[in-house]
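Fold and geometry: a report
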Amino acid sequence: MPDKKFKKNLLCIGAGYVGGPTMAMIAYKCPQYKITVVDVDKDKIAAWQTDQLPIYEPGLLDIVKTARDKNLFFSTNVDKGIKEADIIFISVNTPTKMFGEGAGKSADLQYWEKTARDILRVSESDKIIVERSTLPVKTAIAMERILSTGDKALNFEVISNPEFLAEGTAMKDLEKPDRVLIGSKETESGMKARNELVEIYANWIPRDRLITSNLMSSELSKLVANSFLAQRISSINSISALCEIVDANVTEVANAIGKDSRIGDKFLKASVGFGGSCFKKDILNLVYLCEQFGLYEVAAYWEYIVKMNDYQHTRFVQTITRAMFNTIAGKRIALLGFAFKANTSDTRESAAIYITQKLMAEKAKVVISDPKAIKNARKDLKDYGNDIEYQEDPYKAAKGAHAVAILTEWDLYKDLDYEKIYNDMEKPAFIFDGRNLLDHAKLFDIGYEVYPLGKPPLIHFKEV
Ligand code: NAD
Ligand code: UGA
């Protein structure tokens, strides 16, 4: 039975990186709503009920603790949650499909469709269904078709409300988003459902940041936003390759172009390559969509962003191998950072995974260090067994190493005692800064052979 203490019952299906933080924020800002987050993963739900949350996100625990067991609840009882809900948010995973038609590009919608069928099977009242997962265009329409089958005569209004948070800054992004996008059908019932959602977000977000659109624009905007962001990174990474050859400095180039207000200065940091669970998946989703409609040139244009990212991984390992006299077999290489970016334990699609695989193929002795992501790194690299060493302490990781490579821009790596590290390394001691995080001139003075990204290397020993 709906709890009369609360204005409405909100349910979220999927207690992952999106479901957990976003519902915690709604619960915190809207005590008048009862919020239940359900998941089929029992361990995850158990963790949400403790102070050892299943994901690391700065500020998340405080917000969860404020609302938990007051108006925020976690449960594995999906059916009960559906039955009691007025509004259902769906944030299940939508990974790239790895089998059958569209394998390697299209979205795997099996988890998504299962929730649609669960909702249809269990519901006893009308509901608003909110698409939070990132989905191919027209999925909302497909959802509505599934929900309109059967003989229950219930009304389900499907809304698209994609999430734009970035990991590591999720709580900040949720509290002060650039915009919240709400897409609906432009029918009377569609507009009513849209307004219900607007009313929830208006509890803490200024109205001019609540953007509304039709369903398809909303679904497409999410894919396009991620593709544009990734495009900027691949663009600057492509220029980093040129900078290294022509003695230009990619940071200076990024700064110069970023000052043009039409270009803007964000997302212009050259790196070992973008990672994360979504950029590659969402671009490939867009590519697949274009191919389906016969837009092959458009598809190829967007697909090149992913190819350029792969090239950046390859290029980084080539730089390491070539600098170290064309052989790294048996050499100890300490990778500082495994998370796909700083301030997260998430390693999904991290450039570090691909770089490690390539280094292992060259028979290097890889040591992985990261303040938060060692557990996930072990899972990602389980096929290598004991051939890879894991050391949370960066000093232990670098001890006896021929080279150190910075793969994640953790602040702590800026302040390490690089003199001590140098003294404990094999000589010549190489440092490859895949994030341009460190003071390269200082490292060179200590004695390192320094290889920044998109800048000429600083080398003591020059070939004649
Ligand atoms: P996630 O893997 O962290 O979480 C998804 C959860 O859904 C898992 O815990 C899984 O057990 C659960 N689940 C799957 N099927 C279920 C079912 N039938 N019933 C109940 N629970 C079920 O994924 P995520 O990172 O939170 O991403 C979710 C969606 O949001 C994806 O579509 C993603 O593209 C999108 N997105 C992610 C981010 C991000 O930063 N991670 C940001 C914006 C959008
Ligand atoms: C990204 C988007 O920024 C979010 O808006 C979106 O909601 C989310 O994807 C999603 O749909 O999952 P996220 O992947 O968490 O968020 O992290 P970003 O900060 O975008 O970084 C992605 C990758 O790009 C990281 O590997 C990061 O190191 C890299 N990056 C970022 C660069 O290499 N250079 C930059 O200038 C910026």
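Everything numeric here is computed off the predicted structure, so don't read it as measured data.

1. A look at the overall build of the protein chain
For the protein chain, the count of helices and strands is 17 helices and 14 strands. Computed over its C-alpha atoms, the radius of gyration of the protein chain comes to 24 Å, within 12% of the 23 Å expected for a compact globule of 464 residues. Dimensions of the protein chain, computed from C-alpha atoms along their principal axes, come out at roughly 80 × 50 × 45 Å. Sorting the 464 residues of the protein chain into buried and exposed places 54% on the buried side.

2. Section: the site of ligand 2
Surrounding ligand 2, one finds 20 residues, the nearest of these being F164, L165, S271, F340 and R435. Take L165: an N or O atom from its main chain is 2.7 Å from an oxygen atom of ligand 2. Between ligand 2 and K341, the relevant distance is 2.8 Å, taken from an oxygen atom to a side-chain nitrogen or oxygen of the residue. In terms of residue count, the dominant contributor to the shell around ligand 2 is helix α9 (residues 215-246) (four residues). The residue inventory of the shell around ligand 2, partitioned by class, reads 11 nonpolar, three polar and six charged.

3. Topic: the sheet that holds strand β13 (residues 430-433)
On the basis of which strands lie adjacent, the open sheet formed by six strands has the order β11-β10-β9-β12-β13-β14 and parallel pairing. Of all the strands in the sheet, the pair left with one neighbour each is β11 (389-390) and β14 (449-451). Direction of pairing for strand β10 (residues 365-369) relative to β11: parallel, over a ladder of two bridges. Of the residues in β11, the one forming a bridge with I368 is Y390. Most of the contacts of helix α13 (residues 351-361) go to β10, to which it runs at about 160°, and overall it touches β9 (332-336) and β10.

4. Focus on unusual backbone geometry
With the exception of glycine, the majority of residues adopt a negative phi angle, and the majority of peptide bonds are in the trans configuration. In the segment running from K427 into P428, the intervening peptide bond is cis, with an omega of -5°. Note on placement: P428 falls in the loop between α16 (418-423) and β13. One non-glycine residue with positive phi stands out, namely D69, at about 65°. Following the sequence through the fold, D69 ends up in the loop between α3 (60-67) and β3 (72-75). For K138, which is not glycine, the phi dihedral falls at a positive 85°.

5. Let's talk about a nonpolar patch on the surface
A contiguous nonpolar surface patch, about 390 Å² in accessible area, is contributed by I239, L242, I245 and V246. With respect to the helices and strands, V246 occurs in helix α9.

6. Examining the side chain of S123
Considering the arrangement of structural elements, one finds S123 in the loop between α5 (110-122) and β5 (127-131). At 2.7 Å, the side chain of S123 and the backbone oxygen of I119 are in polar contact. Look past the residues within four positions of S123 in its chain and what remains in contact with it is I82, K152, L154 and F156.

7. Focus: the side chain of S227
Along the chain, S227 turns up in helix α9. Residue S227 is classed as buried on the basis of its relative accessible area of 0%.

8. Thoughts on the packing of aromatic side chains
For the structure shown, the criterion picks out 12 aromatic pairs. On the numbers, 6.5 Å between centres and 70° between planes, the contact of Y418 with Y448 is edge-to-face. Residue Y418 is located in helix α16, and its partner Y448 is located in the loop between α17 (440-446) and β14; the two are separated by 30 residues in the primary sequence. Judged by relative accessible area, which is 0%, Y448 ranks as buried. Among the aromatic residues, those joined into a ring-pair cluster are F325, F430, F432 and Y451. One Lys or Arg, R179, reaches over the ring of F164 and ends 3.6 Å from the middle of that ring. The side chain of K372 reaches across the aromatic face of Y56, ending 4.4 Å from its centre.

9. A closer look at the site of ligand 1
V18, D39, K44, T94 and K281 are the nearest of the 25 residues found near ligand 1. In this structure, T134 approaches ligand 1 through a main-chain N or O atom, which is 2.9 Å from an oxygen atom. Coverage of ligand 1 by the protein amounts to 92% of the 830 Å² it exposes when considered alone. Of the residues that constitute the shell around ligand 1, the class distribution is eight nonpolar, nine polar and eight charged.

10. As for helix α8 (residues 188-201)
With 14 residues, α8 should cover 20 Å at 1.5 Å per step; its first-to-last C-alpha distance of 20 Å lies within 8% of that length. By the burial criterion, the buried members of α8 are G190, A193, R194, L197, V198, I200 and Y201. End-on, the buried residues of α8 take up no more than an arc of 155°, which puts them together on one face. In α8, the exposed residues that point more than 90 degrees away from the buried face are E188 and K192.

11. What about the pattern of salt bridges?
Per the stated rule, a full pass over the model turns up 25 salt bridges. Of the charged contacts in the structure, one is a salt bridge between K29 and E175, with a shortest N-O distance of 2.7 Å. Here E175 lies in helix α7 (residues 170-175) and K29 lies in helix α1 (residues 19-29), a separation of 146 residues in the sequence. Accessibility expressed as a relative area gives 30% for E175, which makes it partly exposed. For the salt bridge of E186 with R194, the shortest nitrogen-to-oxygen distance reads 3.8 Å. Given the relative accessible area of 58%, E186 is considered exposed.

Conventions and cut-offs
Residues numbered from 1 in each chain as written. Chains lettered and ligands numbered in written order. Predicted model: local features only at pLDDT ≥ 70, side-chain atom pairs only at ≥ 80, totals over all residues. Heavy atoms only, no water. Helix = DSSP H or I, 4+ residues; strand = E, 2+ residues; numbered from the N terminus. Rg over C-alpha atoms; globule rule 2.2 N^0.38 Å. Buried < 20%, exposed > 50% of the residue type's maximum accessible area, 1.4 Å probe, protein only. Near = heavy atom within 4 Å. Polar contact = N/O pair within 3.5 Å; in protein donor to acceptor, adjacent residues only side chain to side chain. Nonpolar A, V, L, I, M, F, W, Y, C, P; charged D, E, K, R; others polar. Pairing = 2+ DSSP bridges. Contact = heavy atoms within 4.5 Å. Axes fitted to C-alpha atoms, helices over the stretch in contact; angles between N-to-C directions. Patch = residues over 30% accessible without salt bridge, like charges linked within 9 Å, V, L, I, M, F, W, Y side chains within 5 Å. Areas by Shrake-Rupley, 256 points an atom, 1.4 Å probe, with all protein chains shown as cover. Salt bridge = Lys/Arg side-chain N within 4 Å of Asp/Glu carboxyl O. Phe/Tyr/Trp six-rings, centres within 6.5 Å; stacked < 30°, edge-to-face > 60°. Lys NZ or Arg CZ within 6 Å of the ring centre and 35° of its normal. Expected span 1.5 Å × (residues − 1). Arc of directions from axis to C-beta.

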